[in-house]
Amino acid sequence: LAVKAVKQGAFDFVLKPWDNNKLIATLHAAFELRKSKQENSVLREKNNTLKQQINKPGQAIIGESEAMKKIMELVKRVAITDANILITGENGTGKEIIAREIHQLSNRRKELMVSVDMGAISESLFESELFGHEKGAFTDAKESRAGKIETAHKGSLFLDEIGNLSLSLQAKMLAALQNRVVTRLGANNPIPINIRLISATNKDLGQMIANGLFREDLLYRINTITIEIPPLRERENDIILLAEYYLSNYATKYGKPKLKLTTSAHKKLLQHQWPGNVRELQHSIERAVILSNEPALTADDFN
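Rules of the game
Residues numbered from 1 in each chain as written. Predicted model: local features only at pLDDT ≥ 70, side-chain atom pairs only at ≥ 80, totals over all residues. Heavy atoms only, no water. Buried < 20%, exposed > 50% of the residue type's maximum accessible area, 1.4 Å probe, protein only. Helix = DSSP H or I, 4+ residues; strand = E, 2+ residues; numbered from the N terminus. Arc of directions from axis to C-beta. Phe/Tyr/Trp six-rings, centres within 6.5 Å; stacked < 30°, edge-to-face > 60°. Salt bridge = Lys/Arg side-chain N within 4 Å of Asp/Glu carboxyl O. Contact = heavy atoms within 4.5 Å. Core = buried A, V, L, I, M, F, W, Y, C linked by side-chain atoms within 4.5 Å. Pairing = 2+ DSSP bridges. Axes fitted to C-alpha atoms, helices over the stretch in contact; angles between N-to-C directions. pLDDT = per-residue confidence, 0-100. Parallel < 35°, antiparallel > 145°, perpendicular 65-115°, else oblique. Left-handed = near helix turned anticlockwise from the far one by under 90°. Nonpolar A, V, L, I, M, F, W, Y, C, P; charged D, E, K, R; others polar.

Our focus in this paragraph is helix α4 (residues 95-105). Listed in full, the buried residues belonging to α4 are Lys95, Ile98, Ala99, Ile102 and His103. With its buried residues spanning 140° around the axis, α4 presents them on a single face.

Moving on: the packing of aromatic side chains. Evaluated as defined, the whole model comprises four aromatic pairs. Aromatic pair Phe126 and Phe131: ring centres 5.9 Å apart, planes at 85°, arrangement edge-to-face. When the ring of Tyr246 is compared with that of Tyr250, the centres are 6.5 Å apart and the planes differ by 25°; the resulting orientation is stacked. Here the residue Tyr246 and the residue Tyr250 both occupy positions in helix α10 (residues 236-253), the gap between them amounting to four residues, near one helical turn. The class for Tyr246 is buried, based on a relative accessible area of 2%. Given a relative accessible area of 10%, Tyr250 falls into the buried group. An aromatic cluster is built from Tyr245, Tyr246, Tyr250 and Tyr254, whose rings are joined through pairwise contacts.

As enumerated under the stated definition, the model contains ten salt bridges in all. A salt bridge links Glu66 to Lys69; the nearest nitrogen and oxygen atoms lie 3.9 Å apart. Residue Glu66 and its partner Lys69 are both found in helix α3 (residues 66-79); the two are separated by three residues, about one turn of the helix. Asp238 serves as the salt-bridge partner of Arg235, at 3.0 Å between the closest nitrogen and oxygen. Pair check on accessibility: Arg235 and Asp238 agree, each one buried. Connected via shared salt-bridge partners are Glu134, Glu150 and Arg184.

On to the environment of Glu96, then. By secondary structure assignment, the location of Glu96 is in helix α4. On the accessibility criterion, Glu96 (32% relative accessible area) is partly exposed. Along the sequence, Glu96 and Leu159 sit 63 residues apart, while their C-alpha atoms lie 9.5 Å from each other. Residues within four places of Glu96 in sequence aside, it is in contact with Ser115 and Phe158.

With 30 residues, the main nonpolar core has Phe126, Ile149, Leu157, Met173 and Ile222 as its most contacted residues. Filtering out sequence-adjacent residues up to four positions away, Phe126 remains in contact with Met118, Ile121, Phe131, Leu165, Leu169, Lys172 and Met173. Counting 22 residues, the second largest nonpolar core, distinct from the first, contains Leu242, Ala243, Ala265 and Trp274.

Two pairing modes exist for strands in a sheet, parallel and antiparallel, and in both the strands are linked by backbone hydrogen bonds. Here we have five strands laid out as an open sheet, ordered β2-β5-β8-β1-β9, and parallel in their pairing. Two strands lie at the open edges of the sheet, namely β2 (113-117) and β9 (225-228), each paired on one side alone. Sheet twist, expressed as the average angle between the axes of neighbouring strands with direction ignored, equals 20°. Note: strand β1 (residues 85-88) against β9, four bridges, orientation parallel. Each bridged residue has a counterpart across the sheet, and for Ile85 the counterpart in β9 is Ile225. Relative to the sheet, α4 contacts β1, β2, β5 (156-160), β8 (196-201) and β9, its axis offset from that of β1 by approximately 150°.

Further remarks concern the confidence of the model for the protein chain. Of all residues in the protein chain, 93% attain a pLDDT of 70 or more, and the chain-wide mean is 89. No element of the protein chain has a lower mean pLDDT than helix α2 (residues 20-54), which averages 71, and none a higher one than β1, which averages 98.

Backbone geometry at Arg180 places phi at a positive 55°, although glycine is not the residue there. Here Arg180 shows up in the loop between α7 (167-179) and β6 (181-182). With a phi close to 60°, Asn277 is a non-glycine residue in the positive phi region. Relative to the assigned elements, Asn277 resides in helix α12 (residues 277-291). Since its relative accessible area comes to 0%, Asn277 is described here as buried.

Further remarks concern the packing of α10 against α12. Two elements in contact, α10 and α12, have axes separated by 9 Å at closest approach and are oriented at 40°. If you check the angle between α10 and α12, you find them oblique. Every pair of crossing elements has a handedness; the one defined by α10 and α12 is right-handed. Touching Ile239, Leu242, Ala243, Tyr246, Leu247, Tyr250, Ala251 and Lys253 of α10 are Val278, Leu281, Gln282, Ile285, Glu286 and Val289, all from α12. By residue class, the composition of the contact of α10 with α12 is eleven nonpolar, one polar and two charged.

So this is what it looks like as structure tokens:
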């Protein structure tokens, strides 16, 4: 009966006649185990809620041009795979937005997408930021900390501006991606990682390889699929759509919900080359909304 009871979920059994001290110890252990399970359940719920908050859909992808339609078709096809993806395009074209869309459409969407700006990490902090460290690994390591790659385990890792990595750091990143393990600074035990890699750059990596500035083997590792986002000047059909979208958002934000774009404003927006792409358009609309005292935005509001 005792064995059967344990198999069916009983914590323990007490033989009669029982010893009071042992009975109390058994009850206390059972209580602590139940409390621990309840705490773990609460932590899991909080963790899931946190992931949902972090992974909330970001900025909408606006575009009806043929180029954007093709990109979205490709995004939908590759998102359900675990293929490594390289997103290319000029500054401000929306590479991180595409990366987040890929994550949201993937089988990893319930896990984290961890973003890392590779151009903002110094060589001295690279290993600590990406691979993590143990307490005491260096002077300021007052506690152990998981790195970005480890944090992305089971989710997606977005390496933005990967073309800014130095050759020495490229070698370290390549080793981690090839071996699918990371070792924290100050530790000896490698930690297995299961990530979906998405990278982005505004640089010509092929030319960088020719110039000896980027490792060819790293490029092969990160670009199973390449998605190239065209500049806004080549997506004329999307300019007004994006302008109206941002106008609606900022007009509401700044208490001017009836603000409109005039025909002259449309013409001015279409004539501009937008070297800063979608980001420049977004900032231009916000600035115009803030400074305007009229019921409509004209060409003069975009000088």
